[in-house]
Structure formats: structure tokens, C-alpha cells
Amino acid sequence: MAKDEFEKREFKVVGTRVARPDGLDKVTGRARYGADMSAPGMLVGYCLRSPHAHARIKSIDTSEAEAMAGVKAVITRADFTNVPASDGTRDILDNVMANDKALYDGHTVAAVAATSRSAAKAALKAIKVDYEVLPHVTDVDAAMLPGAPELHQGRQQESVPEGFSQNVLARSQYGHGDVDAGFAQADVIIERSFKTAATHQGYIEPHACLATMGNDNQGDLFCCTQGHYMVRNTCADILGMESGRLRVTASEIGGGFGGKTTVFLEPVALMLSKKSGKPVKMTMSRDEVMRASGPTASTSIDIKIGTTRDGVITAATGEFRYQSGCFYAMNGALGAMCGFAPYDLENLKSVGWEVTTNRPKAAAYRAPGAPMAAFAVESVVDEVAKEIGMDPIDFRLKNAADEGTKSAYGPTYPAIGLRATLEAAKAHPHWSAPLGKNQGRGVGCGFWFNFGGDTCVSLMLNPDGTVSLSEGNPDIGGSRASMSMMAAEELGVPYENVRTIVADTASLGQNEVTDGSRVTFAVGLATIKAARHAIEIMKARAAATWGIDAEAVEWVDGAAQPAGPNAGKFPPLTVKEIAATMSNTGGPIAGHFEANAEGAGVSFGTHICDTEVDPETGAVKILRYTVFQDAGKAVHPDYVEGQLQGGAVQGIGWALNEEYIYGEDGTLQNAGYLDYRIPVASDLPMIEPVILEIPNPGHPYGVRGVGETGIVPPLATIANAVSRAAGVRMTSLPMSPPKVLAAIKAN
Amino acid sequence: MSRIHVTTTVNGDAVDYLCEADDTLLDVLRDQLDLTGSKEGCASGDCGACTVELDGRLVCSCLVLGAEAEGRTVETIEGMANGDVLHPLQKNFIEKAALQCGVCTPGILVAAKNLLDHTPDPSEEEVRYWLAGNLCRCTGYDKIIRAVLDTAAEMRGAA
Ligand code: FES
Ligand code: FES
């Protein structure tokens, strides 16, 4: 358990809305994203991808391609002779370059580096792959059945009972109490089954990288990623090189949402560069992004909830079956842990299933696994409340988890903000605003764990008293500004005096990926601790200057001063003054902090949405949307609001439009923004964010991560709104017009 | 392969380049002129990240061939600020946090400027429909729409 770090204080910088340091570069087009870098003598690299959902690769003939003008390297799996040390990395290698089988439409089977795009594309066409097409499966329920086409053998964990295909890799169970006894006490029991389609993170910037690798086994890589240390470690493991010999620099990143927490092109580009002896740049097309990167799990979920007439949930069960594409991913387990997390339940059984299918390997997507689980659970919660004639917020308040509640996934909660979000939602004018014909209002709650992890920060005092801060996490939505703010707050200097940069892997110790809503929490904590470290050094320098004890010096408003009258009478020494003389008082001054940060502080949100359903077409319009979320402490309120708004809108897309559609042959039918339609400006109203601040005991300023929870409630919230507007319960996502219309007609 | 010689004007400067017949204007801007502010999000006209002005009209530069720029004028995000003075939209996008990752920002700024050039007092709905071809996955559009409306008001006030 993390110790109590939180201390109440008055903030000067934290909580203001300062301009971000990378703003100018980004509004002028100067910022360099993954595809914006080039190198002298650079080649361009492209992948050849399987057109089949499932096929044995009998042979690959690259000889003709290799002989073509401008072609400098052709690689296949045979070039990756090293066997990665970890199982996870072995799966990643199998994903970035197919081994003996292509496991999904879009799976890379070979790659080319050439002097021009046209030469590379021509070479791809000249590679001959002899495939033996195998039966495929893409639906989660079908994949679990005995006799289903199987992707792998011998990977099933012992937790899986008899009677399932080898595609079922794992089963995990959470909960407590006795559900049978609990259901026996219920006056009302509702049981429903749900399905959700796979969606893509949909970041606008496709994956891209520039790799330079030589036969001295030393390399440099520039790429868009959520974690360049992860890229370094994974690529080094795949290529069989020491990680210290590979330096990775993170570009500006054009969105990730979890989808850039693994590697796709990077090991391929490094191998092409190694083989050709030249820098190689690779960029995915949108088609490749859709077919071969990122998507979420699709799911099939059963929920059963029993309640008394006066609104106490007596028991709940959930079966969360998630397919995560062609390799193992922990998604069903996360769904099983998160779905019921908002509630204080006596009796609960929640089971997660991990299933493989012939789809791309799922990557994380903002609170991975949780939104679909919340959709199913919160839909039944809504229906139960309706059945017993209780206001859906009151019903949730009656069963809400609090400090001291044993959570659905085991641990007992410390101070949490769920009840505060529900009370704020109930008190908000949105909840009581009138509704018109064909309109409905929905509410839903969501939970995410949040994460800390390995974090390393270095804070340097410059001779003129300004501060340089190095962190190791790609800035995906304004985090450099937040770090500068926290450093400025702690040191007592103006925000403008602190410049934060994202250091490369050779310049700072290991950092966990930008994921788990961890950066503002964990890197913020490390920044504050690094500033405190620097303050200790500055106090010692002041003490030495004054000839008094370091303990007799305190730090107030950006200056060292004697602590009380007994310490002596000296005028304060400011950061600027200490910096100006540091060369003579002991040398450079720098603070640093390294930790595996604990105490991330779980996060809850409640959303309200009004929808209008067109009974003629089944089209759903979002009329009004309000987000209530606990941020612990909002360091930069604009960027907290932005996370809440962005998460809600991604959820709106997931609820209403977005869907991976597979054909009979198992190929993806809608690999582009035209047919995979994400929300556009004209689809939406303003999204009102309401930030609540229930301090996280694990952070000095009370900060909780906010990035992920915002996508958890929308699926359920919108489904509840649509179900009330249409008068029929919607149990399948997306709620596209044909589906809504069919449901209305069937009613 | 024989290449096509093109003479054109980009951000007020006369430029010429050689391009292949199937190179898009976006390819030329990014790969030959090193104007990487215009982004490729889809190469199919669906995301708007590559938005530029061609003879004053908004186009997806991924749908225009490099050869088609012959004798025309192209304005990209790199030409939007006047020296070190930002366009009010650029200033307000920073001040009002209208970007998160920022990869959609160049296209949205070029499109929004084009709107305000012709329509100094747009309604929220007009802004939303005008920008409907510019995808942003991060922000949910709220702060973008507000920044454009606020800039329009500011520019009308200043005029
Ligand atoms: S890249 Fe041109 S519209 Fe997407
Ligand atoms: S700010 Fe990231 S896509 Fe718009």
C-alpha cells in the first residue's frame, strides 16, 4: 500500500490554464510526428500483407523482387533468426512478421526497402507467397465452440474447463459471497445477453518510424509511440541485441489511446535497415492501420442482477467473453474486474474469458476491456431500476461503492469519488431538464484502475535560474505543460521558467509506457520529488553560504530562508541567486527521482446523455451530454476537460457507428474512414465536463489519472438513453440505424 | 520513369519540382518541399489532415496530383502565420486548448481560416458542418468549435 502522500495546500500554478510549450510547433506545422523525419540516403519500407484470414505459408519466393531496380533489401520471417526471450515478445514477433501461418487479413508476411515508393510497391507485387488457405473464425462465441477452426495448439491455460476449443486461452473468476443465496433473496431478477463489435482507437496519425541500424549492431530509431522504452526493449529482444545499443527517440505523437503501446513497424524497419545498411522509413497506410494494428476486443457478455423491491442488489453474476484477435491478451479478465466495480455487492461472481480468433492482435484502447463490461452491467442496472420504479441515479447511489467497500476485483477501496459523481449528476440541471417526443435520457457509471509504474525524472537547474526537466513519457495530450506546472509549483518559480522535454532512451532511466492514465500521476509525482530533491540541495548551498545548519533552512516561495529567528538573520536566497553562484558553492545542481510509482488511485465517472431516436430510420442523435469525473486534482483543467470530452466522444462512436465488419471470407470489409465512421463535428453537441476533485491519497497534490475512465460510461449511458427513447432495450453495439429500426419494429 | 516538371507558388514563394505522375500534392509537399505540416491520415479524402488551399479553395491535398498544381497557388499551414505573428486562430488554438495530440490541427486551422475568410460570423452549426471533413479523434471537437467561434468574434471586434 502506498503511503499517504497527499498534503493540502494552496496552489499558485497548478489548476491554472497556461499555454502548452509544444503549442506553437503544433499550430504552425513545425512539430515532427512519426512520418515527418527523414535521413540522408534514406530508403522507404513497405510490408506485404496476407490477403487471407487464416493460411499456412508454404513458401515465399523473394528472388525476383530482390533483383529489381532500386530494391535494397527484402525480408521475411527467415531473417529473424533470434528467438525472443519472453512469450509476450514472441507473440509480438509473430504478429509483426508471420511465422508459419498468416493469422488474419493484413498479417505481414514480408517487407521491402527500396529507393522509392514506386520501386518498393513494384517489388511487393513480385514476391510470390504460396498459401494454403485454412478455415477461419472471427466471432467470439463461434471461436469458443469445440470443432471451431483453431489458431494455435497447446496454449490453453489450466484455468479453462473441458468442452471448449483451443481458442479459449484462459478463464479467470472474481467476486465474493454466495450468489445463489443472494438471488434467493431477490424480489426482481433480470438476466440479459449482450454483444459489442470490435472498434479501432482511430488515432489520426498512422504508425510511422525511421530506423537506422548498422552491422555493428547499434541502432537509432525515431518513431511515434506511447512508450519508447518499451519499443527499445521489445525491438532489442526481437533483434537479439543489447537494449543499450538501441536508442529510441519518441516523435510527437498523433494520438494513441492505447494503440501505440506495442510495436508493429519498428522491428521490421530495423531489420530492413540492418540488411540494407541504410536508414529506412516506414509509414502505414490507413488501410494497414485498420487491418493490422490496434483494434479492441469484440465481446459477448451475460449479466444477471437480483434486487429487493426497495433497491438493494442482493446478487450479481457476469460472464465476459472477449476475443482479442490472434494472440493472448488480458481483456476478458479486465472486463470481469471492472464491470461491477462501481457497486458494493454482497454476492458476486464475475468470470472473464480470453479467446483467440482470426483477427489482428488486439491492442489496448483507453481503459481496455472496461467499456464493454460497463455497457452490459449498466444496462441491466438501468433495467432493474426501471423495473422496481426507482430513479436510476438513486438506485446507483443506494448500491454505490464507498471508502471501505470490498471491490468487485478484490481490494478494499480507499477514498473514492463515485458517490460524488453520482450526486453531482443528480444535482445538475441536465438531469431534470424536460425531454421531448422520441427522446430519452440515460445515465451510466464507469471505473478504471489507473496505474503508476516505472518512472524516472531529472530536473536540472540552469546557471540563469531557469529549470530544464527531462521526462521519459511521450506527451500525448499536454503532459509537458503539466510537468512544468508541477515543477514550478514545488520550486516556487514561474511556469515559464521550467521547460520540459521528453528525453530519449539513452538520456534517462527506464520509463513505463504512457498508459494506464499514469503520466500526470506518476511522472507528476516523480517531478515533484525531483524538485524536492533539488530544493534540498539548494537549501544546503544556502546553509553553507550562511554558515548555518541545512536543517535551519526552509524553502518558501522559491527561495531559501533561515527557518525562524534562531537560525540567524539572512536575506532569502532565490533560485536565481543560488543558480548564479552554484559553480562556486559545490557545482551543478540537479534533482532526480526514480520509482515504481504506487498509489495511482482508482477513478470513477458518471455520464448523462439525451438522445433522440428517429422512429422512421432508427437514426440516433446525441442532443446533450454531460460528464462527471473525479480528477483528484486537475493540474491543467483544460486538458482534464479535453480528456473527458474526447473519451465521451470516442464512446459515442463506439456506441453508435464504429464496428469492424468481416466478410464471409474473414477479410475486413471497412478498412478506412469512409466505411469505418468515427464521429465528426456535425454529429455532436458540446460535451459538458464537470470535474470533481476528491484528492488521491497517493499523490502529493491529490492527482488521479483522468485519461481512460471517460470512455467507460458512454456505451452504457447512450444505450440506456436510446432504450428509453425507443422503448426497447438495445443489447448489441453499435446501435446503428438498421439495428435500432429492427428493434423498434420487433417491439 | 519520366517525371513531370511543375512550376507553382507555395505560401507565396515560387517553387518548382519534378514529380511522378501518381504523386499527390501531399506527397510533393511533404517529401519534396519538406512542408510536413500537412499530414497524411488516410490518403483517401476522409480525414482532412492534409487540407490546404489551392487557388483559395479548400482541398484534400491527398486527392490532388502534384502535377495539377502547375501554375496555381497553394497555401499550407506553414504559410498561415505572418512571420512570427500568429493568425488569431493559431493563437487561440493554443490559448483555448483546442488541440491535444495536434496532428489534426494543421488541417483544421487551414479549413477554419478559409471559413472565417468568407464567413466572419458563423453559427456553431456552420462551424460544425464546415469542419465535418476534418477528423479529430482526441478532443471531441468541443474546444475546437469554441476556439473558432471565439476567434471569429475577436476578429470581428478587431475589424
Ligand atoms: S490524408 Fe487527405 S483527407 Fe486524409
Ligand atoms: S488533437 Fe489529436 S486528432 Fe485532433
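Residues numbered from 1 in each chain as written. Chains lettered and ligands numbered in written order. Predicted model: local features only at pLDDT ≥ 70, side-chain atom pairs only at ≥ 80, totals over all residues. Heavy atoms only, no water.

Colleague: Teacher, can you tell me more about the overall build of chain A here?
Modeller: Along the backbone of chain A there are 21 helices and 26 strands. Over its C-alpha trace chain A gives a radius of gyration of 27 Å, about what one expects of a compact globule, namely 27 Å for 747 residues. By its C-alpha atoms, chain A is 85 × 75 × 50 Å across when sized along the principal axes. Looking at chain A as a whole, 64% of its 747 residues qualify as buried. By sequence separation, contacts in chain A at least 24 residues apart represent 79% of the contacts at least 6 residues apart. Carbon together with sulfur atoms contributes 50% to the accessible area of chain A, which is approximately 25,400 Å² in total. Each charge sign in chain A was given a centre, from 67 positive and 85 negative side chains, and these centres are 4 Å apart. (Helix = DSSP H or I, 4+ residues; strand = E, 2+ residues; numbered from the N terminus. Rg over C-alpha atoms; globule rule 2.2 N^0.38 Å. Buried < 20%, exposed > 50% of the residue type's maximum accessible area, 1.4 Å probe, protein only. Contact = heavy atoms within 4.5 Å. Areas by Shrake-Rupley, 256 points an atom, 1.4 Å probe, with all protein chains shown as cover. Lys, Arg positive; Asp, Glu negative; His and termini not counted. Charge placed at Lys NZ, Arg CZ, Asp CG, Glu CD.)

Colleague: Whenever I open this one, the nonpolar core confuses me. Can you help?
Modeller: Soluble, globular proteins show a tendency: their nonpolar side chains are buried together. Within the largest apolar cluster, 181 residues are counted, with the highest numbers of intra-cluster contacts made by Leu221, Ile303, Phe340, Ile718 and Met735 of chain A together with Phe93 of chain B. Ranked by residues supplied to this core, first place goes to helix α11 (residues 370–387) of chain A with 11 residues. Residue contacts for Met735 of chain A: discarding those within four places in its chain leaves Val620, Ala655, Leu656, Ile718, Ala719, Val722, Met730 and Val740 of chain A. Grouped together as the second largest cluster of nonpolar side chains are 45 residues, Val457, Tyr495, Ile528 and Ala560 of chain A included. (Core = buried A, V, L, I, M, F, W, Y, C linked by side-chain atoms within 4.5 Å.)

Colleague: I keep staring at the interface of chain B and chain A and nothing clicks. Help me out?
Modeller: Contacts between the two partners involve 46 residues from chain B, matched on the other side by 52 residues from chain A. It is Ile94, Gln100 and Arg137 of chain B in chain B that bury the most area against chain A; as a group they hold 21% of the surface buried on that side. Linking chain B with chain A are eight salt bridges. Counting the contacts that link chain B with chain A gives 28 residue pairs in polar contact (both at pLDDT 80 or more). Within the residue set of the side of chain B that touches chain A, elements represented by two or more residues are α1 (25–32), α2 (88–95), α3 (105–118), α4 (124–130) and α5 (142–158) of chain B. Residue classes in the side of chain B that touches chain A are distributed as 21 nonpolar, nine polar and 16 charged. (Buried area = accessible area lost by both parts, 1.4 Å probe. Salt bridge = Lys/Arg side-chain N within 4 Å of Asp/Glu carboxyl O. Polar contact = N/O pair within 3.5 Å; in protein donor to acceptor, adjacent residues only side chain to side chain. Nonpolar A, V, L, I, M, F, W, Y, C, P; charged D, E, K, R; others polar.)

Colleague: Please clarify how unusual backbone geometry should be interpreted in this entry.
Modeller: Backbone geometry follows two general trends: most residues other than glycine have a negative phi, and most peptide bonds adopt the trans configuration. Residues Leu733 of chain A and Pro734 of chain A are joined by a peptide bond in cis, for which omega reads 0 degrees. Here Pro734 of chain A lies in the loop between α20 (714–726) and α21 (737–746). Located in the positive-phi region is Ala97 of chain B, a residue other than glycine, with phi close to 55 degrees. Its place among the elements puts Ala97 of chain B in the loop between α2 and α3. What makes Ala97 of chain B buried here is its relative accessible area of 4%.

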